[in-house]
Amino acid sequence: MAGLFVNVLKGHQWIYENSNGLVGHRLLFGNPTLLLRTIGRKSGQPRTNALTYAKDGEDYLVTASNGGSPRPPGWLANVKAKGDCEIQVGTKRIPVTATATYPDDPEYARRFALADKVNKGRYAQYQKMTKRPIAVVVLTPR
């Protein structure tokens, strides 16, 4: 079943990218989705990930949940290595600075709650599945 879900996510991202954002912003479960464009910290190659997001004022919030896996997603290491990246929300491309936050940040709990609400409680469930703290990444438009 997990393999099917991964293929659905890949298909969603393919549609989002190949429609130039005309389709995909709210395609999967109705959740708002953005495309995060980073540069691989080791490969130097461009990377794109479709991620559910929440808004916090002008900032966008994404979580590095990786479905509750013990390992964080690869894109988190990329944004920690180079915080200047780009997001695409629908058809709009926005240069952003990414900052990973963790439970020791005073704003973390509030931000996690915003992201979790948009994702209908899934992030709280994922946090229960892993011992690592799930980062909330703040994407601030430049």
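Residue numbers restart at each chain and count upward from 1, following the sequence in its written direction. Only residues with pLDDT of 70 or above have their local features reported here, since the model is predicted, and side-chain atom pairs are shown and tallied only from 80 upward, although totals for entire chains, interfaces and linings are computed over all residues. Water and hydrogen atoms play no part in the side-chain values, which are based on all heavy atoms of the structure.

Colleague: Before we go on, may I ask you to explain the overall build of the protein chain in this structure?
Modeller: Only DSSP runs of H or I covering at least 4 residues are called helices, and only runs of E covering at least 2 are called strands; the numbering of each starts at the N terminus. Secondary structure assignment for the protein chain yields four helices and seven strands. When the elements of the protein chain are put in sequence order from the N terminus, they spell out α-β-β-β-β-α-β-β-α-α-β. Against the compact-globule benchmark of 14 Å for 142 residues, the protein chain has a radius of gyration of 14 Å, which places it among compact chains. Every one of the 142 residues in the protein chain was classed for burial, and the buried ones make up 42%. By the convention used here, residues are in contact when the closest approach between their heavy atoms is within 4.5 Å. Looking at the protein chain alone, contacts between residues at least 24 apart form 61% of all its contacts between residues at least 6 apart. Using a 1.4 Å probe, the Shrake-Rupley method yields the accessible areas, and only the shown protein chains count as cover for residues. As displayed, the protein chain offers around 7,900 Å² of accessible surface, 57% of which is attributable to carbon and sulfur atoms. To get the radius of gyration, use the C-alpha atoms; to get the globule rule, take the number of residues to the power 0.38 and multiply by 2.2 Å. Type-normalised accessible area, obtained with a 1.4 Å probe on protein chains alone, sets the label of each residue: buried when under 20%, exposed when over 50%, and partly exposed for intermediate values.

Colleague: Help me out: how do you make sense of a nonpolar patch on the surface in this one?
Modeller: Put simply, a patch holds well-exposed residues, over 30% relative accessible area, that have no salt bridge, with like charges counted together within 9 Å and Val, Leu, Ile, Met, Phe, Trp or Tyr side chains within 5 Å. Salt bridge, as applied in this entry: a Lys or Arg side-chain nitrogen positioned within 4 Å of an Asp or Glu carboxyl oxygen. Taken together, the side chains of Trp 14, Ile 15, Leu 22 and Val 23 present a nonpolar region at the surface, about 430 Å² in accessible area. With respect to the helices and strands, the residue Leu 22 is situated in the loop between helix H1 (2-18) and strand S1 (33-39).

Colleague: Is there a simple way to think about the nonpolar core in this case?
Modeller: Nonpolar side chains in soluble globular proteins tend to end up buried together. Working definition of a nonpolar core: buried Ala, Val, Leu, Ile, Met, Phe, Trp, Tyr and Cys residues. They are joined through side-chain atoms within 4.5 Å. Judged by nonpolar contacts, the single largest core of 19 residues is most densely connected at Leu 34, Leu 36, Trp 75, Ile 87 and Leu 139. Mapped onto this core, the elements with two or more residues apiece are S1, strand S4 (59-63), helix H2 (74-81), strand S5 (84-89), strand S6 (92-101) and strand S7 (136-141). Here Leu 36 is in contact with Arg 47, Thr 48, Asn 49, Leu 51, Trp 75, Val 79, Cys 85, Glu 86, Ile 87 and Leu 139, once residues within four sequence places are set aside. One finds Tyr 108, Tyr 126, Val 136 and Val 138 within the second-largest nonpolar core, a separate group that totals 10 residues.

Without other data, these values stay purely geometric and don't point to any function.
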